[in-house]
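Commentary on secondary and tertiary structure
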Amino acid sequence: MDVNQPKQEHLLALKVMRLTKPTLFTNIPVTCEERDLPGNLFNQLMKDDPSTVKGAEALMLGEMLTLPQNFGNIFLGETFSSYISVHNDSNQVVKDILVKADLQTSSQRLNLSASTAAVAELKPDCCIDDVIHHEVKEIGTHILVCAVSYTTQTGEKMYFRKFFKFQVLKPLDVKTKFYNAESDLSSVTDEVFLEAQIQNITTSPMFMEKVSLEPSIMYNVAELNTVDSAGKSESTFGSRTYLQPMDTRQYLYCLKPKQEFAEKAGVIKGVTVIGKLDIVWKTNLGERGRLQTSQLQRMAPGYGDVRLSLETIPDTVNLEEPFDITCKITNCSSERTMDLVLEMCNTNSIHWCGVSGRQLGKLHPSSSLRLALTLLSSVQGLQSVSGLRLTDTFLKRTYEYDDIAQVCVVSSKIKQES
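Rules behind the numbers
- Residues numbered from 1 in each chain as written.
- Predicted model: local features only at pLDDT ≥ 70, side-chain atom pairs only at ≥ 80, totals over all residues.
- Heavy atoms only, no water.
- Pairing = 2+ DSSP bridges.
- Helix = DSSP H or I, 4+ residues; strand = E, 2+ residues; numbered from the N terminus.
- Disulfide = S-S within 2.5 Å.
- Buried < 20%, exposed > 50% of the residue type's maximum accessible area, 1.4 Å probe, protein only.
- Axes fitted to C-alpha atoms, helices over the stretch in contact; angles between N-to-C directions.
- UniProt positions renumbered as here; feature names shortened; annotations may be inferred.

**Quick word on the pairing of strand β19 (residues 248–257)**
- In terms of strand pairing, strand β13 (residues 192–200) meets β19 through eight bridges, oriented antiparallel. Residue pairing in the sheet places E195 in a bridge with L252 of β19.
- Bridge analysis of strand β15 (residues 219–223) against β19 gives five bridges, and the strand direction is antiparallel. Within the sheet, the bridge partner assigned to E223 lies in β19 and is Y253.

In structure tokens form, the structure reads like this:
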């Protein structure tokens, strides 16, 4: 092939434009005081400007719409729309025109063309138009590949393609926290509370249309994001559910095991899959976006073979005065009996009153016993109850229980005055 041979020009021209909603026109108001040299000139010019709002000419935001001047940002969960036009710039009829649009991501290649059939012929100054849509589901680099093939009047087959590269950004930052509640201290089939922190990391406000939790098959969910006011249910975020850039909003949900699973303590205890969040928002002039998180997982509560829980404990106690607590010890094993010995170890602030190393006797599988214990504190402030040890003499295994509760220790004078 002769390298000096001129490259043949194509008969067709390809144009691609992203379709987005227009934005409100903004201008910079220029004004001055009447005693300045221009006088009322600037104010009068702004009043005569058709892009300003009548009666509020000094505001930057106008009533006119302006078409986007660049590609703009595309965020995960939004719908990418593009207009593709192939125009016959020549003076001859072109045959067998095939237009193909593919979207290349980091993991796959998707065909977005509405039709795969070739157009029989395209006359001069005519065009083939197509609009493609795709819900963006991946973050990172995306490449729109538009390929055009056709046949000239002389029978020569021609082919060319163009590449349009753009980045897909992350619109929201979602963080979750799980809290395992214990409504019934004798079981492990308790409620799970989910706190979801959602932050808008875009540069424009969002209207949060819906934030819901779709639970797994073992749970029922109750949303805790509303309050009852005058017999009506109102959102805790107010009537305007807008999320400003870089603002964070916290949503709370309560999951309760379904009745058929709540009775199976061993089954529900090991459940880690809770459900997934479904988030829907709108931006600018109603552009809609939607994200669904992957299945949220929690750490299953583990109590080991022996579970110790508190049934009663005072909130506030007097300094250096004994106070009573009630403990409940449960044998979580479903097979073996335990022979338990209780030991009480003093800490720097908490001191136990009673006999350490006493025998509690045999504890059968899935059964419980209650203990009334006495202790006192030698230090004021919020103190942690620690130092309980249970030893199973059958297996020679010791279970340690520290930081099982907290009490507020005050001077006796302070308590009498209050």
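There's more to say after this.
**Observations regarding the state of the cysteines**
- Inspection of every chain in the model, using the stated rule, returns zero disulfides.
- No disulfide involves C126; its nearest neighbouring cysteine sulfur is the one of C127, lying 7.2 Å away.
- Classification of C126 by relative accessible area gives partly exposed; the value is 32%.
- C327 supplies the cysteine sulfur nearest to C353, a cysteine that is in no disulfide, at a spacing of 14 Å.

**Remarks on the sheet that holds strand β5 (residues 79–88)**
- Strand order in the open sheet formed by three strands is β1-β5-β9, with antiparallel pairing between adjacent strands. At either margin of the open sheet sits one strand with a lone partner, and together these are β1 (12–18) and β9 (127–135). Strand-to-strand twist across the sheet, computed as the mean angle between neighbouring axes with direction ignored, equals 15°.
- Examined bridge by bridge, β1 and β5 share seven bridges and lie antiparallel to one another. Residue pairing for β5: V16 is matched across the bridge by I84.

**Focus on the sheet that holds strand β12 (residues 172–180)**
- Strand order across the open sheet formed by four strands is β12-β13-β19-β15, with antiparallel pairing between neighbours. A single partner strand is all that each edge strand has here, and the edge strands are β12 and β15. Neighbour-to-neighbour, the strand axes of this sheet turn through a mean angle of 25°, independent of strand direction.
- Across nine bridges, the pairing between β12 and β13 is antiparallel. Looking across to β13, one finds that V174 is bridged to I198.

**Points about unusual backbone geometry**
- Unusually for a residue other than glycine, D125 sits at a positive phi of about 65°.
- Residue position: D125 is located in the loop between β8 (119–122) and β9.
- Given the relative accessible area of 60%, D125 is considered exposed.
- With a phi angle near 60°, E320 is a residue other than glycine that sits in the positive phi range.
- You can see E320 is positioned in the loop between β24 (316–318) and β25 (323–331).

**Focus on the UniProt feature "domain: Trafficking protein particle complex subunit 13 N-terminal" (unreviewed entry) in the chain**
- Taken from the UniProt record, the annotation "domain: Trafficking protein particle complex subunit 13 N-terminal" (unreviewed entry) applies to residues 10–168.
- Taken as a whole, residues 10–168 contains 5% helix and 50% strand, while its terminal C-alpha atoms sit 32 Å from one another.

**Thoughts on the pairing of strand β31 (residues 388–392)**
- Extensive coverage of β31 is indicated by the burial of five of its five residues.
- Residues L388, L390 and D392 of β31 are buried on one face, and the alternating residues R389 and T391, pointing to the opposite face, are buried as well.
- Sheet topology note: the strand β26 (residues 338–344)/β31 ladder contains five bridges and is antiparallel. Bridging across to β31, V341 finds its partner in T391.
- Where β31 and strand β32 (residues 397–401) come together, five bridges link them in antiparallel fashion. Pairing of L388 across the sheet is with Y401, part of β32.
- Adjacent in sequence and paired antiparallel, β31 and β32 are bridged by four residues, among which K396 carries a positive phi angle near 55°.

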